[in-house]
Amino acid sequence: MTDNKNKILDDKMLKLVSGGSLPKGWQKIADMMAPGLLKQYGDVTWEEALEILGQHVTDPDDFEAIKEYMKKYFPDQFPQG
């Protein structure tokens, strides 16, 4: 019988492996994808976009970061300045 004790991932490492950690440069990826998605979904509101994203982003910390970042794509709802 082998000892699996050394093969157990701690919670921090498990979160990195299973999700919950946006990749470096994720903002650039979002900036490349956003125009096409906004065109595809038409006059989607920020709240509606969150519902769509919520189906694909399962980590709460990632979701919060994305929510705040994507406000820039809804200037009518979130004026910059």
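As shown above, the structure is provided for reference.
For the structure given in this document, a descriptive report is provided here. Treat the numbers as computed from the prediction; the structure is a model and nothing was measured.

### Some remarks on the overall build of the protein chain
Thinking step 1. From N to C terminus, the protein chain includes four helices and zero strands.
Thinking step 2. For the protein chain, the sequential pattern of α-helices and β-strands runs α-α-α-α.
Thinking step 3. Of all 81 residues assigned to the protein chain, the portion counted as buried reaches 19%.
Thinking step 4. A separation of at least 24 residues holds for 62% of the contacts in the protein chain among residues at least 6 apart in sequence.
Thinking step 5. For the protein chain, the exposed area adds up to about 6700 Å²; of that, 57% sits on carbon and sulfur atoms.

### Here's the deal with the packing of aromatic side chains
Thinking step 1. All told, the structure shown has two aromatic pairs when counted by the stated rule.
Thinking step 2. Seen in terms of ring centroids, W26 and Y69 are 5.2 Å apart; in terms of plane orientation they differ by 70°. Their pairing is edge-to-face. One end of the pair, W26, is in helix α2 (residues 26-41); the other, Y69, is in helix α4 (residues 60-69), and 43 residues separate them in sequence.
Thinking step 3. Given a relative accessible area of 21%, Y69 falls into the partly exposed group.
Thinking step 4. Where W46 meets F78, the ring centres are 4.9 Å apart and the plane angle is 75°; that geometry is what we call edge-to-face. Of this pair, W46 sits in helix α3 (residues 46-54) while F78 sits in the segment after α4, placing them 32 residues apart in sequence.

### Examining the environment of L38
Thinking step 1. In this fold, L38 is placed in helix α2.
Thinking step 2. Remark: the alpha-carbon pair of L38 and F74, spanning 36 residues in sequence, is separated by 9.9 Å.
Thinking step 3. Discounting residues that sit within four places of it in the chain, L38 has contacts with V44, Y73 and F74.

### Points about the nonpolar core
Thinking step 1. W26, V44, W46, A49, L50, V57, F63, I66, M70 and F74 form the largest nonpolar core, which has 10 residues in total.
Thinking step 2. When contributions to this core are tallied by element, the ones reaching two or more residues are α3 and α4.
Thinking step 3. Sort the elements by how many residues they give to this core and α3 lands first, with three residues.
Thinking step 4. With near-sequence residues (within four places) excluded, V44 lies in contact with L38, A49, I52 and F74.

### What about α2?
Thinking step 1. When the terminal C-alpha atoms of α2 are compared, their 21 Å separation across 16 residues agrees well with the 22 Å that a helix rising 1.5 Å per residue should span.
Thinking step 2. Most pronounced at M33, the bend in α2 amounts to some 35°, and the proline P35 follows within four residues.
Thinking step 3. Once α2 finishes, G42 follows within two positions and takes phi at roughly 65°, a positive value.

Criteria and thresholds
Residues numbered from 1 in each chain as written. Predicted model: local features only at pLDDT ≥ 70, side-chain atom pairs only at ≥ 80, totals over all residues. Heavy atoms only, no water. Helix = DSSP H or I, 4+ residues; strand = E, 2+ residues; numbered from the N terminus. Buried < 20%, exposed > 50% of the residue type's maximum accessible area, 1.4 Å probe, protein only. Contact = heavy atoms within 4.5 Å. Areas by Shrake-Rupley, 256 points an atom, 1.4 Å probe, with all protein chains shown as cover. Phe/Tyr/Trp six-rings, centres within 6.5 Å; stacked < 30°, edge-to-face > 60°. Core = buried A, V, L, I, M, F, W, Y, C linked by side-chain atoms within 4.5 Å. Expected span 1.5 Å × (residues − 1). Bend = angle between axes of the 7 residues up to and from the residue.

In short, the description is geometric, and any link to function would need to be established separately.
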